[in-house]
Amino acid sequence: MDLGVRWTLHGDGRTPAPGAVVRPDERLSWPRTAGLGAQHVVAMFGASFVAPVLMGLDPNLAIMMSGVATVVFLLATRGRVPSYLGCSLSFVGVAAVIRAQGGSSATVTGAVFVVGAALFLVGLAVRRFGARIIHATMPPIVTGAVVMLIGFNLAPVTAATYWPQDQWTALFVMLFTGLAVVCLRGFWSRIAIFLGLVFGYALSWALDRVFGRIHSADASGKVTDHWRLDLSGVGRADWIGLPDLHGPSFEWSAILVALPVVIALVAENAGHVKAVGEMTGDNLDDKLGTAISADGVGSMLSTAVGGPPNTTYSENIGVMAATRVYSTAAYWAAAGFALLFGLCPKFGAVVAAIPGGVLGGITVILYGMIGLLGAQIWLNARVDLRNPLNLVPAAAGIIIGVGNVSMEFTDTFSLSGIALGTLVVITGYHALRAFAPAHLKTQEPLLDEGTSSYDTDGAEDGQRAKS
């Protein structure tokens, strides 16, 4: 059985010829491949260790399990889809809602485990029936609205939790990160979040040396005098050791909050597979269902031991586009580095010490970008918001999600925020479509043209991409 773990040497193994690409089944010399793997790890670092911190989970375990999930993904796709599976930011809002309801870390990971299982089943359905099954139920208007409400639902977390801890540090980190995203080029722009975190660390340390302790809310919300950057935990942490593990706990209220994220993950995976196919010139239509299922399995493995869920990372697509090296050997190297980092508790302590003000500046941009990805889905699919069939369910669902509107069905069961907003968008769109007059039922593209084109013309698209 071909598991995609054999690579032919590209050229002399040093530098690709001008205009040439290193294909997924090729590699450069092993030292250069290891260097590329390290570069992929740095690219995913920013979001991958911010996500578990924001979710209240162990960053060491998150990094380690991202390596495990990447290995699972590469084996499942037989090495045809180069990808790194990092910690998904789509679940940050879900975790915040579950914890606000009194849920523990086990409750969070239990809910996300179920999402991973649902994603696995969606992938199997796509393999059996094709991508049409996804887009019959989740057209671009629905997908975009759900992604948007998931991102914007996070706004109160920044405003009430992180920003008040150190507003001036948050402001300067926001400005620096924004400049890095816009002004830097190539690889450096892909790690702008990571650079923003490094800048925030340095700024917090300098402000502590110059002005001393700050009088503000700490991470628990209590107003007190405290250091902006507290590295006491780093000194106490060991250099080598296993991360903290815990099993999941399943509660229906938490599961219902988390399930809507399946829609965002399906959109992310479809976009990733399409982007990789266009860059490599391969038609990867047949791997879409496998990629979705592999992502689900990776998330289930991670959350089963207490880690966060994973998803394909666009940051690493950017690295491939910049280097024109699509070798899956580099991703195997990246997974190896991630496993090593996960076994270093001191690294986790450094991550856990990120000052609240720094997270405030980062999340202002990060959460907004997540929300606006929904708008990008609408733009790429040319969704007509003048059509009330599109406008009404999206408008209602987004306001419910962002405003955290609640519906109480019984004394013990209610829906609110992300879960209720997603339910309104999906059921509202299909219900209105069933009763809408014919002239409002304009033919929508089967898939988001800027994200995927896995329809009956997929083979022709693949041939055009090769040319």
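Cut-offs used in this document
- Residues numbered from 1 in each chain as written.
- Predicted model: local features only at pLDDT ≥ 70, side-chain atom pairs only at ≥ 80, totals over all residues.
- Heavy atoms only, no water.
- Helix = DSSP H or I, 4+ residues; strand = E, 2+ residues; numbered from the N terminus.
- Buried < 20%, exposed > 50% of the residue type's maximum accessible area, 1.4 Å probe, protein only.
- Contact = heavy atoms within 4.5 Å.
- Areas by Shrake-Rupley, 256 points an atom, 1.4 Å probe, with all protein chains shown as cover.
- Axes fitted to C-alpha atoms, helices over the stretch in contact; angles between N-to-C directions.
- Parallel < 35°, antiparallel > 145°, perpendicular 65-115°, else oblique.
- Left-handed = near helix turned anticlockwise from the far one by under 90°.
- Nonpolar A, V, L, I, M, F, W, Y, C, P; charged D, E, K, R; others polar.
- Core = buried A, V, L, I, M, F, W, Y, C linked by side-chain atoms within 4.5 Å.
- Phe/Tyr/Trp six-rings, centres within 6.5 Å; stacked < 30°, edge-to-face > 60°.
- Lys NZ or Arg CZ within 6 Å of the ring centre and 35° of its normal.
- Expected span 1.5 Å × (residues − 1).
- Salt bridge = Lys/Arg side-chain N within 4 Å of Asp/Glu carboxyl O.

Asker: Mind laying out the overall build of the chain, listing which residues take part and the relevant values?
Answerer: Each helix and strand in the chain was counted, giving 21 helices and eight strands. Per-residue burial over the chain gives 53% buried out of 467 residues. Excluding contacts between residues fewer than 6 apart, the proportion of contacts in the chain whose partners are at least 24 apart in sequence is 78%. By element, 64% of the accessible surface of the chain is carried by carbon and sulfur atoms, the whole surface being about 20,000 Å².

Asker: Just give me the short version of the environment of Ala 38, but keep the residues and values in it.
Answerer: Positionally, Ala 38 belongs in helix 1 (residues 30-55). As for Ala 38 and Gly 336, which are separated by 298 residues in sequence, their C-alpha atoms are 9.4 Å apart.

Asker: Any details on the packing of helix 3 (residues 92-100) against helix 4 (residues 105-129)? Residues and values, ideally.
Answerer: For the pair helix 3 and helix 4, interaxial distance at closest approach is 9 Å and the crossing angle is 135 degrees. In terms of orientation, helix 3 and helix 4 fall into the oblique class. Crossing geometry of helix 3 relative to helix 4 is assigned as right-handed. Here Ala 95, Ile 98 and Arg 99 of helix 3 lie close against helix 4, whose contacting residues are Ser 105, Thr 107, Val 108 and Ala 111. Counted by class, the contact of helix 3 with helix 4 contains four nonpolar, two polar and one charged residues.

Asker: Just give me the short version of unusual backbone geometry, but keep the residues and values in it.
Answerer: Phi at Arg 78 is positive, roughly 55 degrees, even though this residue is not glycine. Among the structural elements, Arg 78 can be located in the loop between helix 2 (59-76) and strand 3 (85-87). With relative accessibility at 32%, the residue Arg 78 sits in the partly exposed group. With phi around 55 degrees, Arg 382 is a residue other than glycine that occupies positive phi space.

Asker: I'd love a proper account of the packing of helix 6 (residues 140-152) against helix 19 (residues 388-403), names of residues and values included.
Answerer: Closest axis-to-axis distance for the helix 6/helix 19 pair is 8 Å, and the angle between their directions is 20 degrees. Relative to helix 19, the element helix 6 lies roughly parallel. In the crossing of helix 6 with helix 19, the sense of the turn from one axis to the other is right-handed. The residues of helix 19 that touch helix 6, namely those facing Ile 141, Ala 145, Met 148, Leu 149 and Phe 152, are Asn 390, Ala 394, Gly 397, Ile 398, Gly 401 and Val 402. Of the residues belonging to the contact of helix 6 with helix 19, the class tally is eight nonpolar, three polar and no charged.

Asker: Requested: an account of the nonpolar core, with residues and values cited.
Answerer: With 98 residues, the main nonpolar core has Phe 49, Ile 354, Tyr 367 and Trp 378 as its most contacted residues. The element contributing the most residues to this core is helix 13 (residues 261-280), with 10 residues. With sequence-adjacent residues up to four places away left out, Trp 378 is seen in contact with Pro 140, Ile 141, Gly 144, Ala 145, Met 148, Val 383, Leu 385, Ala 394 and Ile 398. Residues Val 22, Leu 36, Val 325 and Ala 330 belong to the second largest nonpolar core, which totals five residues.

Asker: So what's going on with the packing of aromatic side chains? Which residues, and what values?
Answerer: Considering all chains together, one arrives at three aromatic pairs under this definition. The interplanar angle of 70 degrees and the centroid separation of 5.9 Å between the aromatic rings of Phe 113 and Phe 250 together place this pair among those described as edge-to-face. Of this pair, Phe 113 sits in helix 4 while Phe 250 sits in the loop between helix 11 (232-236) and helix 12 (252-258), and the two are 137 residues apart along the sequence. In this arrangement the basic side chain of Arg 209 is found over the ring face of Trp 227, its NZ or CZ atom lying 5.7 Å from the centre. One Lys or Arg, Lys 346, reaches over the ring of Trp 239 and ends 5.1 Å from the middle of that ring.

Asker: Kindly report on helix 3, identifying the contributing residues and their values.
Answerer: Among the residues of helix 3, those classed as buried are Val 92, Gly 93, Val 94, Ala 95, Val 97 and Ile 98. Directly beyond the C-terminal end of helix 3, a positive phi value near 95 degrees is found at Gly 102.

Asker: Outline helix 10 (residues 192-211), listing residues and values.
Answerer: Since there are 3.6 residues in each turn of an α-helix, residues three or four apart along the chain are aligned in direction. Taking 1.5 Å of rise per residue, 20 residues should cover 28 Å, and helix 10 covers 27 Å from first to last C-alpha, within 8% of that figure. A positive phi of about 80 degrees marks Gly 212, the residue just after helix 10.

Asker: So what's going on with the side chain of Ser 29? Which residues, and what values?
Answerer: In this fold, Ser 29 is placed in the loop between strand 2 (26-27) and helix 1. Once residues within four sequence positions are removed from consideration, Ser 29 is found in contact with Leu 9 and Gly 13.

Asker: Outline the pattern of salt bridges, supporting the account with residue identities and numerical values.
Answerer: Here the idea is simple: oppositely charged side chains can pair when their charged atoms come close. Scanning the model with the defined rule gives four salt bridges in all. When the shortest N-O distance is used, the salt bridge between Asp 166 and Arg 228 registers 3.2 Å. Of this pair, Asp 166 sits in the loop between helix 7 (155-162) and helix 8 (167-183) while Arg 228 is found in the loop between strand 5 (223-226) and helix 11, placing the two residues 62 residues apart along the sequence. Of the residues examined, Arg 228 reaches a relative accessible area of 14% and is grouped as buried.

No statement about biological role is implied by the geometric values presented.
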